[in-house]
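Residue-level structural notes
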Amino acid sequence: MKVIIFCFSGTGNTERITQEWVSEILANGHEADLIKLDKDTQPIDLSAYDRVGFAYPVHAFNAPEPVWRYAKTLAEQPESKPAFFLMVSGEPLNMNHRSGDKLARILKRKNIHVESAYHYVMPYNMIFRHSEA
Ligand SMILES: Cc1cc2nc3c(=O)[nH]c(=O)nc-3n(C[C@H](O)[C@H](O)[C@H](O)COP(=O)(O)O)c2cc1C
């Protein structure tokens, strides 16, 4: 299986989770590409990939704007493409589970269908600061 994971990370927590995923995918004999999203990331041809992941920090119970803006630039897929979310938040609130709803709606229009989502709680990066440790 060949997997691509698009990752947006403000302060490194989401990137760390994504790298763990990539390591596990590779350790299980599959292929994985990690694409870091920023405003200049160009749309990528997904035809070679069996699964598409989107990893993001929860921002105001939503996916951050650069993530869903990027999703809008992706081409409509000729065949249904399975996708998954890695959502990383600072609080263990159930409301965070709905953070991918808007992104999933955009992807559905591209024939990319979210099959699963995984929620990780990592250090909170606003209001107060955690120690680096
Ligand atoms: C603008 C902003 C909004 C946030 N909103 C939420 C939120 O709605 N729920 C939550 O649990 N954490 C929220 N957080 C905390 C981050 O999701 C959390 O710290 C995450 O681990 C940061 O990941 P990153 O290092 O990849 O950016 C917010 C952080 C920022 C900067």
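The text that follows walks through the structure, step by step, so that each part is easy to find. (Residues numbered from 1 in each chain as written. Predicted model: local features only at pLDDT ≥ 70, side-chain atom pairs only at ≥ 80, totals over all residues. Heavy atoms only, no water.)

1. Some thoughts on the layout of surface pockets
Here is the rule we go by: Buriedness of a pocket was judged along seven lines, with at least five required to meet protein on both sides within 12 Å; pockets are open sets of points on a 1 Å grid over the protein atoms alone, cavities are sets where a 1.4 Å probe fits but cannot get out, and lining residues have an atom within 4 Å of a point. Grid points are joined across faces, edges and corners, and a volume is the space filled by probe spheres set on the points. Classes in brief: Ala, Val, Leu, Ile, Met, Phe, Trp, Tyr, Cys and Pro nonpolar; Asp, Glu, Lys and Arg charged; the others, Gly included, polar. By the criteria applied, helices consist of DSSP H or I runs no shorter than four residues and strands consist of E runs no shorter than two, each listed in order from the N terminus.
Its volume calculated, the largest pocket comes out at about 390 Å³. In terms of residue class, the lining of the largest pocket is built from five nonpolar, six polar and three charged. By volume, the second largest pocket amounts to about 330 Å³. Taken together, 21 residues make up the lining of the second largest pocket; nearest its centre are Val58, Ser89, Gly90, Tyr124 and Asn125. Listed by contribution, the elements that provide at least two residues to the lining of the second largest pocket are helix H1 (13-27) and strand S4 (81-89). Looking at the lining of the second largest pocket residue by residue, the classes come out as nine nonpolar, eleven polar and one charged.

2. Observations concerning the nonpolar core
Where we set the bar: In these notes, a set of buried Ala, Val, Leu, Ile, Met, Phe, Trp, Tyr and Cys residues joined through side-chain atoms within 4.5 Å is what counts as a nonpolar core. Accessibility here uses a 1.4 Å probe with only protein chains present; expressed as a share of the type maximum, an area under 20% marks a residue as buried, one over 50% as exposed, and anything in between as partly exposed. The criterion used for residue contact is that any of the two residues' heavy atoms lie within 4.5 Å.
In this structure, Phe6, Leu46, Phe54, Tyr56, Leu103 and Leu107 are the most contacted members of the largest nonpolar core, which totals 24 residues. The set of elements that each furnish at least two residues to this core consists of strand S1 (2-7), strand S3 (51-57), helix H2 (65-73), S4 and helix H3 (101-109). Here this core takes four residues from H2, the largest share from any one element. Ignoring anything within four residues of it in the chain, the contact list for Phe6 reads Ile35, Leu37, Ile44, Leu46, Val52, Gly53, Phe54, Ala55 and Tyr70. Residues Val22, Ala32, Ala55 and Phe84 belong to the second largest nonpolar core, which totals nine residues.

3. What to know about the packing of aromatic side chains
Stated precisely, the cut-off is as follows: Pairing of aromatic rings covers Phe, Tyr and the six-membered ring of Trp, with a centre-to-centre limit of 6.5 Å; geometry is then stacked below 30 degrees between planes, edge-to-face above 60, and tilted otherwise. Geometrically, a charge over a ring is one whose NZ (Lys) or CZ (Arg) sits within 6 Å of the ring centre while staying within 35 degrees of the ring normal.
Within the structure shown, the criterion is met by six aromatic pairs. Geometrically, the ring pair formed by Trp21 and Phe84 is stacked, given 5.2 Å between the ring centres and 20° between the ring planes. Taken together, the residues Trp21 in helix H1 and Phe84 in strand S4 connect sequence positions 63 residues apart. Pairwise contacts between aromatic rings join Phe6, Phe54, Tyr56, Tyr70 and Phe85 into one cluster. The positively charged end of Lys2 is found above the aromatic ring belonging to Tyr49, 5.1 Å away from the centroid. The ring of Trp68 is capped by Lys102, whose NZ or CZ atom sits 3.7 Å from the centre of that ring.

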